[in-house]
Amino acid sequence: MPDQTFPSLAGQALIAMPTIGDSRFQRTVIYLCMHDANGAMGLVVNKPDPKRSIADIMRELDLLPGEETEQPDTLSAPLLLGGPVEKSRGFLLHAPSGVTREGTVKVADGVELSTTLDTLREIGSGQGPERFLLAVGFASWTAGQLDTEILNNVWLNAEMSADELFTTPAPLLYAASLSGLGVDLHQLSPTAGRG
């Protein structure tokens with residue numbers, strides 16, 4: 001493992017390079033929620049589930065009021081496939097709710113991560129944050145693994161504001177994230193090399 005260590009990249013995007021070599025992460029954007037000496041954890045934020053919406057999950061968990069109640073458009077948004085680890089576990093990225101509770105941590109300015117049903121329940125009743133993403137599963141790295149992958153050109157990392165995270169449609173995030181770095185998606189080479 002290289003001697004170089006990175007400062008925490010929590011709150012940034014990881015953009016998969018064409019050379020990633022793992023079909024589960026081809027053309028993915030991962031929002032890093034934690035990155036320290038013990039490892040890293042993040043959520044894929046650009047891979048929607050083609051079959052289920054946030055409202056579907058909330059109905060399964062009995063977190064929505066009666067069917068006759070008109071639901072906010074945000075609940076019709078697709079559920080995100082957050083990564084290959086614990087694919088049945090839910091993670092909610094959301095704007096700060098103003099409530100301090102166990103199971104919720106600040107990731108970056110304007111972004112919190114919740115792993116309990118409380119905030120999702122509030123969203124279902126119309127009382128929670130208006131900006132949020134719901135994902136099932138996550139991606140993780142052991143100590144130093146992500147740093148090594150970045151040094152080996154497996155990932156690009158980039159700043160990602162709360163606005164970009166919550167307002168860019170998931171299918172557009174990969175190209176938009178690259179564009180934010182000044183990289184044209186069509187000019188990325190599938191082979192790596194150091195000149």
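Rules behind the numbers
All residue numbers refer to position in the chain's written sequence, counted from 1. Note on the predicted model: pLDDT of at least 70 is required for a residue's local features to be given, and 80 or more for side-chain atom pairs to be given and counted; whole-chain, interface and lining totals, by contrast, use all residues. Processing note: side-chain calculations cover all non-hydrogen atoms of the structure and skip hydrogens and water entirely. The salt bridge definition used is simple: a Lys or Arg side-chain nitrogen within 4 Å of an Asp or Glu carboxyl oxygen. We call a residue buried when its accessible area falls under 20% of the maximum for its residue type, exposed when it is over 50%, and partly exposed in between, using a 1.4 Å probe and counting protein chains only. What counts as a helix is a DSSP run of H or I of at least four residues, what counts as a strand is a run of E of at least two, and both are numbered from the N terminus. Side-chain atoms alone can form a polar contact between residues adjacent in sequence; in general such a contact is a pair of N or O atoms within 3.5 Å, and within protein one must be able to donate a hydrogen while the other accepts it. One requirement defines pairing of two strands: DSSP has to find at least two bridges between them.

**Student:** I'm lost on the pattern of salt bridges in this one. Help?
**Tutor:** Close approach of charged atoms lets side chains of opposite charge pair. What the rule picks out here adds up to nine salt bridges. The residue Asp49 makes a salt bridge to Arg52 at a minimum N-O spacing of 3.1 Å. Classification of Asp49 by relative accessible area gives buried; the value is 11%. Arg52 sits in the partly exposed class, given a relative accessible area of 29%.

**Student:** What exactly am I supposed to notice about the side chain of His35 here?
**Tutor:** If you trace the backbone, His35 turns up in strand β2 (residues 29-36). Overall, His35 belongs to the buried group, its relative accessible area being 6%. A distance of 2.9 Å separates a polar side-chain atom of His35 from the backbone nitrogen of Leu9.

**Student:** Could you clarify how one ought to interpret the pairing of strand β9 (residues 132-142) in this entry?
**Tutor:** Taken residue by residue, a regular strand's side chains alternate between the two faces of the sheet. In terms of residue burial, β9 counts as a mostly covered element, since nine of its 11 residues are buried. Of the strand pairs in this sheet, strand β5 (residues 78-81) and β9 are connected by two bridges, and their pairing is parallel. Bridge pairing in β9 places Leu81 opposite Val136. As paired strands, strand β6 (residues 85-94) and β9 are joined by six bridges and run antiparallel to one another. Each residue of the ladder has a partner; that of Phe91, found in β9, is Ala135.

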